[in-house]
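# Coordinate inspection notes
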Amino acid sequence: MRYEKTLIWVLGITFGFLFFDRNAAAFLMPFIAGDLHLSNQQVGLIASALSFSWAVSAFLGGVLSDRTGRRKPILLTSAVAFSLCSVLSGIAGSFLALFAARLLMGLVEGPFMPVCQSLLAAESDPARRGHNMGVMQNFGSNLLGSFVAPLVLVAIANHSGWRMAFYIAAIPGLIMAALIARYVHEPAGRPAAASPEPGMSSAISYLAMLKLRNMLLCMLMCIFMVSWMVLGWAFLPLFYVRARGLTTGEMSLLMSLLGLSAAFFSFLIPGLSDRLGRRPVVAWCSLLGALVPLAALYWHGSLYLLGALVFIGWAASATLPLLMGTIPSETIPARYVATSMGLTVGIGEVLGGVTAPALAGTAADRYGLTAPLFIQAGCALAGALTALALRETAPQRVAASARPSQLATR
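Residues numbered from 1 in each chain as written. Predicted model: local features only at pLDDT ≥ 70, side-chain atom pairs only at ≥ 80, totals over all residues. Heavy atoms only, no water.

### Structural notes on the confidence of the model for the protein chain
The test is simple: On a range of 0 to 100, pLDDT expresses the predictor's confidence in each residue. Elements are defined by DSSP. Helices are runs of H or I of four residues or more, strands are runs of E of two residues or more, and each kind is numbered from the N terminus. By the convention used here, residues are in contact when the closest approach between their heavy atoms is within 4.5 Å.
Residues at a pLDDT of 70 or more form 89% of the protein chain, whose mean pLDDT is 83. Per-element averaging of pLDDT across the protein chain places helix α18 (residues 395-409) at the bottom with 65 and helix α13 (residues 291-298) at the top with 96. Every residue in residues 190-203 is under pLDDT 50, and counting partners more than four places away or in other chains gives 36 contacts.

### A word on helix α17 (residues 370-387)
We apply this condition: A helix is expected to span 1.5 Å for every residue after the first. Three exposure classes are used, based on accessible area relative to the maximum for each residue type with a 1.4 Å probe and protein chains only: buried under 20%, partly exposed in between, and exposed over 50%.
In this model α17 runs 27 Å from its N-terminal to its C-terminal C-alpha over 18 residues, within 8% of the 26 Å that 1.5 Å per residue would give. Of all the positions in α17, only A371, P372, L373, Q376, A377, C379, A380, G383, A384, T386 and A387 are classed as buried.

### Quick notes on the nonpolar core
Here is the rule we go by: The set of buried Ala, Val, Leu, Ile, Met, Phe, Trp, Tyr and Cys residues whose side-chain atoms join them within 4.5 Å is what this entry labels a nonpolar core.
Membership of the largest hydrophobic core comes to 113 residues, with the highest contact counts inside it found for L28, I32, L38, L75, L153, W228 and Y240. Among the elements that make up this core, the one with the highest residue count is helix α1 (residues 2-36) (19 residues). Residues contacting W228, with those up to four places away along its chain left out, are G289, A290, V292, P293, G313, W314, A316, S317, Q376, C379 and A380. Counting six residues, the second-largest nonpolar core is a separate cluster that includes I269, V281, A315 and A318.

### Some remarks on the packing of α1 against helix α5 (residues 112-123)
Axes are the key here: two packed helices are described by the angle between their axes and the distance separating the axes. Condition: A fitted line through C-alpha atoms represents every axis, and for helices the fit uses only the stretch in contact; the resulting angles, taken between N-to-C directions, go from 0 to 180 degrees. Here is the rule for angles: anything less than 35 degrees is roughly parallel, anything more than 145 is roughly antiparallel, 65 through 115 is roughly perpendicular, and the remaining ranges are oblique. All amino acids are sorted into three groups, where Ala, Val, Leu, Ile, Met, Phe, Trp, Tyr, Cys and Pro are nonpolar, Asp, Glu, Lys and Arg are charged, and the leftover types, Gly among them, are polar.
Across the interface, α1 lies against α5 with an axial gap of 10 Å and an inter-helix angle of 170°. When the interaxial angle is binned, α1 and α5 end up roughly antiparallel. Residue-level inspection shows Y3, E4, L7, I8, L11, T14, F15 and L18 of α1 in contact with α5, the latter providing F112, M113, C116, L119, L120 and E123. For the contact of α1 with α5, the residue count by class is 11 nonpolar, one polar and two charged.

### A short note on the packing of aromatic side chains
Two numbers describe a pair of aromatic rings. These are the distance of the centres and the angle of the planes. Stated precisely, the cut-off is as follows: When two rings of Phe, Tyr or Trp (its six-membered ring) have centres within 6.5 Å they constitute a pair, described as stacked for plane angles under 30 degrees, edge-to-face for angles over 60, and tilted for the intermediate range. Charge-over-ring contacts are defined here by two conditions on Lys NZ or Arg CZ: a distance within 6 Å of the ring centre and an angle within 35 degrees of the ring normal.
According to the stated counting rule, one finds 13 aromatic pairs in the structure shown. Summarising the aromatic geometry, the rings of F19 and W54 are spaced 5.8 Å apart at their centres and angled 75° between planes, so their arrangement reads as edge-to-face. In this pair, F19 sits in helix α1 while W54 sits in helix α2 (residues 40-68), placing the two residues 35 residues apart along the sequence. Judged by its relative accessible area of 9%, F19 falls in the buried class. On the accessibility criterion, W54 (2% relative accessible area) is buried. Their ring planes at 80° and their centres at 5.0 Å tell us that F264 and F265 sit as a pair that is edge-to-face. The ring of W54 has R22 lying over it, and the distance from NZ or CZ to the ring centre is 4.4 Å. One Lys or Arg, R182, reaches over the ring of Y183 and ends 4.8 Å from the middle of that ring.

### As for the state of the cysteines
Defined as follows: We call a pair of cysteine sulfur atoms a disulfide whenever their separation is within 2.5 Å.
In this structure the tally under the stated criterion is zero disulfides. In this model C222 remains outside any disulfide bridge; the closest cysteine sulfur is found in C218, 6.5 Å from its own. Take C222: its relative accessible area is 0%, and that puts it in the buried class.

### Some details on a nonpolar patch on the surface
Just so we agree on the cut-off: Patch definition: residues with relative accessible area over 30% and no salt bridge; like charges joined within 9 Å; nonpolar side chains (Val, Leu, Ile, Met, Phe, Trp, Tyr) joined within 5 Å. Exposure was quantified through the Shrake-Rupley algorithm and a 1.4 Å probe, taking into account, for residues, occlusion by the shown protein chains and nothing else. We define a salt bridge as a side-chain nitrogen of Lys or Arg found within 4 Å of a carboxyl oxygen belonging to Asp or Glu.
There is a patch of nonpolar side chains on the surface, built from L88, I91, L104, L107, M164, Y167, I168, I171, I175, L179 and Y183 and spanning about 930 Å² of accessible area. Of all elements in the fold, only α3 (72-91), α4 (95-109), α7 (162-169) and α8 (171-183) reach the threshold of two or more residues within the nonpolar patch. Looking at which element gives the most residues to the nonpolar patch, the answer is α8, with four residues. Its relative accessible area of 36% is what places M164 among the partly exposed residues.

### So, the environment of F374
Secondary-structure assignment places F374 in helix α17. Look at F374 and you get partly exposed, because its relative accessible area is 44%.

### Concerning the packing of α1 against α8
Rules: Throughout, a crossing is termed right-handed when the near helix is turned clockwise from the far one, and left-handed when it is turned anticlockwise from it by less than a right angle.
The N-to-C vectors of α1 and α8 enclose an angle of 160°; their axes lie 9 Å apart at closest approach. As far as their axial angle goes, α8 and α1 are roughly antiparallel. Pair α1 / α8 crosses with left-handed handedness. Each of Y3, T6, V10, I13, T14 and F17 in α1 lies in contact with α8, whose residues at this interface are P172, G173, M176, L179, I180 and Y183. Here the residues of the contact of α1 with α8 sort into nine nonpolar, three polar and no charged.

Below, the structure is given as structure tokens:
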């Protein structure tokens, strides 16, 4: 129990600073786009670059981790490397240079999350698995990467320029690497997840994973929900400043609410899914995600109420740990947990995080900055509808549904 908590906080805070660096370009884009003369399409391509390399390395890092049984060296390498890539982003003097820096950052950040989740799947009590994996992925990443980051980075950019903001963002990751070296250990080798689906052997090919209903649905939902999230990060700052006419300070406050919301719901939503079931919680929360772009588009009253609507709608972000980690870990054999997570994240990032911002950027150049927000709302609706087809995997709900059949047999 004590080591579970240590893992959650050390890995969760490190993942938070990883997202601090990942999201920095989006929050600083109103400054960068003017300085480097970027089009909306180029803004989308910069977001796509990181998502693409993240996707590839998430899958390859998961495979490497499962095959070698080594987790800690991958985490340490990733933490040091993504911090250095933040410095490269600050040095960039053109679209191509910034594109390359973000591409490299995605490459070194990608393996971190699936390897972290495989560690937690190994060390968590089954009754707390959803809660632990959800808090690790969502709390630090959103408190630091989405709440603190826009407030700090925009303030630094206003005072010292956007390049200095990138340089300062590199420091925390190096500190967290030292804490990983001190407190994180290789798993003891006990089973990492729930038993695989009935009739499935402990060995399974990558192609066989794609044939499993829940795996396929999780990948499809990841496409929709990663698109929803990346479009919010990439285009809401520009929409607030250029289309709504808000100041960069007001924009930073509204964007920070995304992180505050996700940090709050990172405790509530995964915990509810442990008790109420994965399927209903994922479906309803995904639907809430449409509230974010719709509020930004149509609410023109008090900014306080706009902030409240955005706060509630961003609860949909809490579904991603369930789709990327918890449900796959409860669907396939334990030895393939990191691989399955890497596969789910990879497909979601490639088809969602890469294509969505690129297409949305092109649409924004043609139809205006409202286009990406309409696409974002559609992604949330599609994710909610897809979730209805999930097969329930929450241990408590599965056990409860099995009791009546057992009593009938007796």
